[in-house]
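Chains, contacts and geometry: an overview
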Amino acid sequence: MAFTSSPLITCKKELSLFAFPSSSFTIGKRQKCKKSSSNKIVSVVSSQKNKRNPSATGSSKSAMTATEKILARAAEKCEVRPGENAWTNVDVLMINDITCPGISGIFKKQFGITAKVWDREKIVVIPDHYIFTNDDRAHRNVDIARDFCVEQDIKYFYDIKDRSNFRANPDYKGVCHVALAQEGHCRPGEVLLGTDSHTTSAGAFGQFATGVGNTDAAFILGTGRILLKVPPTLRFVLDGELPSYLLAKDLILNIIGEISMSGATYKTMEFVGTTIEGLSMEERMTLCNMVVEAGGKNGIVAADRTTYKYLEDKTSAPYEPVFSDENARFLAQYRFDVSKMEPLVAKPQSPDNRALARECNNVKIDRVYIGSCTGGKTEDFMAAAKVFLAGGKTVKVPTFLVPATQKVWMDLYTLEVPESGGKTCSKIFEEAGCDPPASPSCAACMGGPKDTYGRLNEPKVCVSTTNRNFPGRMGHIEGQIYLASPYTAAASALTGFVTDPREFF
Ligand code: SF4
């Protein structure tokens, strides 16, 4: 089905992409989307099956999207509209090691040297970026974060003191976005802000989640509020049975390739459809994690039984999910039939540089990296293990494995991979000749200090399950990063070339 009717994609650099299976792309029935009319509501389509009240926020009779409802409630208003600025109460503020020194400095300067944070139980400080390094400045970041958390009696500080053995630090978690979910800080209907752009991951829980800068974070520390412009919502309807060789990473690479890196700038990306309903929480997190690569303000998946089940043993805090109304207004709607899709990669140097994995099978690679908040979760490693198991041979290139968190690391050594005869991921990785799973952290996803594990210190070609492939992102400015799903990454490790995982299934 042609999709040339969408002016949104006329800015695409490679028209050949129109030949992709995602040409199942359609625009909502009444949509006449013009890039220049970004403020115009042009599509009204809803796939909510259950009738709901117009608003979960009170007396409003106006239909709203889930994001609008969350922001309205957090702003203590009956309703909000896209483009409106609203003072928003924040439920959770996440701060990491590389931003904490700057934020605490601004906070003290603006609110006073003896000022106290607005709520010690709503702040989560997570060291994760530059941890396992000999760089003293990186250590200093964590030391400053620790001092600040002690001074402010912050309830949730996931500290690390002994870097020689992460397991000696029971409080230490690892990559913030995965840790937030595992520790029960992600809850439907809430507002979660973090000083990291991939805070959008938490939208998988049906909440509003996005990244903020240091100044905003310092203001939130002092007041618990932020002035937010309400984003309009783009709706992505993904239907069909997900083929066994695809993962959520393929879905989001496809969407970003479709709408470009600026296709969702300051917009909500709402994901619905039967495919989304069938995704696990970790896969929904992968989807929402990368909305920021299309410029998205936030991503959101409606909470459902899968969400509630995941949260059962993670939080006892009450939460109230909200859902888009049937007649809520969406800026545009995109429809995908995932059953026709094929495994994808994003070629260097942009996440929207989409290509079929099989079309890149002549690209010789130097290494594979499986890790990060996008592709370093338990299910990501399970997926990679499945390919190694099916391949039955050893890797052709160095293969680095970086579990996102301490819990993921433990899972690799304790959980049995289905249909493996009782083997764990770690056993399968060992038999395949991969590097042993490293200490959980962001590691080389963002390059980091020179001695960071897995860092591209030379102009190597790497297939990676991370989320960005800009020049220098993983270290060397001339490094070539192919973003891919864990299936594609593992298949590529087995051949030494970018490889479609169907070769091993
Ligand atoms: S794993 Fe990578 S993308 Fe995720 S928070 Fe860390 S540096 Fe950022």
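Reading guide: rules and limits
Residues numbered from 1 in each chain as written. Predicted model: local features only at pLDDT ≥ 70, side-chain atom pairs only at ≥ 80, totals over all residues. Helix = DSSP H or I, 4+ residues; strand = E, 2+ residues; numbered from the N terminus. Buried ≥ 20, exposed ≤ 12 C-beta atoms within 10 Å, placed from the backbone. Contact = placed C-beta atoms within 7 Å. Pairing = 2+ DSSP bridges. Axes fitted to C-alpha atoms, helices over the stretch in contact; angles between N-to-C directions. Arc of directions from axis to C-beta. Core = buried A, V, L, I, M, F, W, Y, C linked by C-beta atoms within 7 Å. Domains from an automatic or database assignment. Near = placed C-beta within 6 Å. Nonpolar A, V, L, I, M, F, W, Y, C, P; charged D, E, K, R; others polar. Right-handed = clockwise from strand over helix to strand, strands pointing away. Parallel < 35°, antiparallel > 145°, perpendicular 65-115°, else oblique. Left-handed = near helix turned anticlockwise from the far one by under 90°. pLDDT = per-residue confidence, 0-100.

A few words now on the overall build of the protein chain. When helices and strands are counted, the protein chain shows 14 helices and 17 strands. Relative to its 505 residues, the protein chain shows a buried fraction of 59%. Expressed as a percentage of contacts within the protein chain between residues at least 6 apart in sequence, the contacts between residues at least 24 apart total 74%.

Moving on, we get to the sheet that holds strand β8 (residues 233-239). Read across the open sheet, the four strands follow the order β10-β9-β8-β11; overall the sheet is parallel. Bordering the open sheet on either side are β10 (298-301) and β11 (332-337), each of which pairs with just one other strand. If you compare each strand with its neighbour and ignore which way they point, the axes differ by 20° on average. The sheet contact formed by β8 and β11 spans six bridges and is parallel. Each bridged residue has a counterpart across the sheet, and for Leu238 the counterpart in β11 is Phe336.

Turning next to helix α12 (residues 406-414). Inspection of α12 places Gln406, Val408, Trp409 and Leu412 among the buried residues, and these make up the whole buried set. Viewed along the axis of α12, the buried residues span an arc of 165°, placing them on a single side of the element.

With that out of the way, let us pick up the sheet that holds strand β6 (residues 208-211). In any sheet, the strands associate via hydrogen bonds between backbone groups, in a parallel or an antiparallel arrangement. The strand order β4-β3-β2-β5-β6 describes an open sheet built from five strands, whose pairing is parallel. If you trace the sheet from one side to the other, it starts and ends with β4 (156-157) and β6, each paired once. Sheet topology places strand β2 (residues 92-96) next to strand β3 (residues 123-126); four bridges connect them, and they run parallel. Bridged to Ile95 within β3 is Val125. Strand contacts of helix α5 (residues 214-223): β2, β3 and β5 (191-194), with the helix running at about 130° to β2, the strand carrying the most contacts.

Once that is clear, we can look at the nonpolar core. Residues Leu71, Leu93, Val125, Val345, Val368 and Ala385 are the most contacted members of the largest nonpolar core, which totals 161 residues. Take this core: its biggest share by element is eight residues, from helix α11 (residues 378-391). Residue-level mapping places this core at the junction of two domains, with at least three residues from each of domain 1 (41-49 + 62-341) and domain 2 (344-503). Once you skip the residues sitting within four places of it in the chain, Val345 turns out to touch Ala355, Ala357, Cys360, Tyr482, Leu483, Ala484, Thr488 and Val498.

Let us look at the site of the ligand. What surrounds the ligand is a group of 13 residues, the closest being Ser372, Cys373, Cys442, Cys445 and Met446. Put simply, the parts of the chain that give the shell around the ligand at least two residues each are α4 (176-182) and α10 (372-375). Here the residues of the shell around the ligand sort into six nonpolar, six polar and one charged. Both of domain 1 (41-49 + 62-341) and domain 2 (344-503) provide at least three residues apiece to the shell around the ligand.

Turning our attention to the pairing of β8. Within a regular strand, side chains alternate between the sheet's two faces. Counting buried positions over the seven residues of β8 gives six, a clear majority of the element. Here β8 runs beside strand β9 (residues 268-272); their pairing, made up of five bridges, is parallel. Bridge pairing links Val237 to Val272 in β9. In this region the chain leaves β8, passes through helix α6 (residues 248-259) and returns to the parallel neighbour β9; the handedness of that crossover is right-handed.

To continue, consider the packing of α6 against helix α8 (residues 281-289). Axis separation between α6 and α8 bottoms out at 8 Å; the angle between their running directions is 20°. Viewed along their axes, α6 and α8 adopt a mutual orientation that is roughly parallel. Seen along the crossing, α6 lies across α8 with a hand that is right-handed. Every residue of α8 that contacts α6 at Ala248, Lys249, Leu251 and Ile252 is listed here: Glu283, Thr286 and Leu287.

Okay, the environment of Ile477 next. Turning to its location among the elements, Ile477 is positioned in the loop between β16 (461-464) and β17 (480-484). Here the alpha-carbon distance between Ile477 and Leu456, two residues 21 residues apart in the chain, equals 8.9 Å.

Now for the confidence of the model for the protein chain. In the predicted model, the protein chain carries a mean pLDDT of 90, and the fraction of residues at 70 or more is 88%. Contacts for the low-pLDDT stretch residues 1-56, under 50 throughout, to residues beyond four places or in other chains number 104 contacts.

Let us look at the pairing of β9. The element β9 is extensively covered by neighbouring structure, given that five of its five residues are classed as buried. The alternating pattern of β9 places Thr268, Glu270 and Val272 on one face and Met269 and Phe271 on the opposite face, and all of these are buried. Note: β9 against β10, four bridges, orientation parallel. Residue Met269 lies in a different strand from β10, and its bridge partner there is Gly299.

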